[in-house]
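# Commentary on secondary and tertiary structure
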Amino acid sequence: YSGYKMQGDGDDDEDRDMPIPMSTSLHEQLMNQLDFLGLNERQYPIGKQLIGSIESDGYIRRDLEAIVNDLAFSQGIETTAEEVEEVLKKIQTFDPPGIAARNLQECLLLQLDRMDNGHDIDVAVAKKIIAECFDEFTKKHYHKIQKKLDTEDEDFVRDAIELIVKLNPKPGGGSTANMVKNQYLIPDFILSNNNGKLELALNSRNA
C-alpha cells in the first residue's frame, strides 16, 4: 500500500534534499585555508612546508631552523626563522583552534586568544595562568597559582582553570584515522559580492 512504509524506509524528498558530505583530511582543510590568505609567491611555499610539518595531533614539533633548511635544500628558498614564524602565526589563526602550536602551552594560549573578547574575566585569568603559571598548572599546584596571581579568591582561579581543562590539547584529532573522518559540506553555488554587484557561479568542484 502506498501509505505504508517498511521499517527503515526513508523519505525520498528528504533524501533528495540532503547534501552529500565530502570527506577531507586535516591537511586538505589547512591547505584550503592557506589558499584564502593571499600569500605572495615567496610566502606560499613556506606556508605549504609548515602545513606539511604538522603532525597528526595538530602540533609542529620540527624546529623552525630545520624547516628553514628544508626549504633551502628541497625548494631552493633562502629564508630565515623569523620569516617562517611570521607565516606560522598566520597558520595558527586557522581552524581548528590551537592548530600548528609548537607545544601545549602555545596550543592552549592560541585557543584562549580565539575566545578573548576583552570582556570575559575567566578568559583573561586563564591566559595569565597559562602564560605565567604554566608549570604550576601542569603540576596542579593551584594554591601556588593563587599566590602568584596575588589573590585570595579561590573562585577567581577555579573558574579559569575549569575553562582551561575544557580546551582541546590535541587540535589535530590525535591520529591519522581521526584526521580523515572529518566531513564538511561543499556548496553547489557560490554567491559573491563584487563591489555591490551580486554574482552567482557554479562551484567548479561540483559542476
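Above this note sits the structure.
Residues numbered from 1 in each chain as written. Predicted model: local features only at pLDDT ≥ 70, side-chain atom pairs only at ≥ 80, totals over all residues. Heavy atoms only, no water.

### Here we look at the pairing of strand β3 (residues 189–194)
- Of all 6 residues making up β3, only 0 are buried, and the element is barely covered by its neighbours.
- Summarising the sheet, β3 and strand β4 (residues 197–202) pair through 6 bridges and their orientation is antiparallel. Looking at the pairing, Ile190 lines up with Ala201 of β4.
- Connecting β3 to the antiparallel partner β4 that follows it, the hairpin turn spans 2 residues, and Asn195 within it adopts a positive phi of roughly 55°. (Buried < 20%, exposed > 50% of the residue type's maximum accessible area, 1.4 Å probe, protein only. Helix = DSSP H or I, 4+ residues; strand = E, 2+ residues; numbered from the N terminus. Pairing = 2+ DSSP bridges.)

### A closer look at the nonpolar core
- With 23 residues, the main nonpolar core has Leu50, Val84 and Ile91 as its most contacted residues.
- When residues of this core are traced back to their parent elements, those giving at least two are α2 (26–35), α3 (43–52), α4 (64–75) and α5 (81–91).
- The leading source of residues in this core is α5, at 5 residues.
- Look past the residues within four positions of Leu50 in its chain and what remains in contact with it is Ile60, Leu64, Ile67, Val84, Val87, Leu88 and Ile91.
- Of all hydrophobic cores here, the second largest spans 18 residues; its members include Leu108, Ala126, Phe137 and Leu167. (Core = buried A, V, L, I, M, F, W, Y, C linked by side-chain atoms within 4.5 Å. Contact = heavy atoms within 4.5 Å.)

### Digging into the side chain of Asp57
- Among the secondary structure elements, Asp57 is positioned in the loop between α3 and α4.
- Residue classification places Asp57 among the buried residues on the basis of a relative accessible area of 12%.
- For Asp57, the side chain forms a polar contact with the side chain of Arg61, separated by 2.7 Å. (Polar contact = N/O pair within 3.5 Å; in protein donor to acceptor, adjacent residues only side chain to side chain.)

### Some points on the packing of helix α6 (residues 104–115) against helix α7 (residues 121–132)
- Contact pair α6 / α7: the axes reach a minimum separation of 10 Å and the direction vectors enclose 165°. On the basis of the axis angle, α6 is roughly antiparallel to α7. Both α6 and α7 take part in a crossing whose hand is left-handed. For the pair α6 and α7, contact is made by Gln105, Leu108, Leu109, Leu112, Asp113 and Met115 and by Val123, Ala126, Lys127, Ile130 and Ala131, respectively.
- Among the residues forming the contact of α6 with α7, the class breakdown is 8 nonpolar, 1 polar and 2 charged. (Axes fitted to C-alpha atoms, helices over the stretch in contact; angles between N-to-C directions. Parallel < 35°, antiparallel > 145°, perpendicular 65-115°, else oblique. Left-handed = near helix turned anticlockwise from the far one by under 90°. Nonpolar A, V, L, I, M, F, W, Y, C, P; charged D, E, K, R; others polar.)

### Some details on the pattern of salt bridges
- As enumerated under the stated definition, the model contains 15 salt bridges in all.
- When the shortest N-O distance is used, the salt bridge between Arg102 and Glu106 registers 2.8 Å.
- Relative accessible area serves as the criterion here: at 26%, Arg102 is assigned to the partly exposed category.
- Between Asp116 and Lys127 there is a salt bridge, and its shortest N-O distance comes to 2.9 Å. Of the two residues, Asp116 sits in the loop between α6 and α7 while Lys127 sits in helix α7, which places them 11 residues apart along the sequence.
- A cluster of three or more residues bridged by salt bridges with shared partners is formed by Glu85, Lys89, Arg102 and Glu106. (Salt bridge = Lys/Arg side-chain N within 4 Å of Asp/Glu carboxyl O.)

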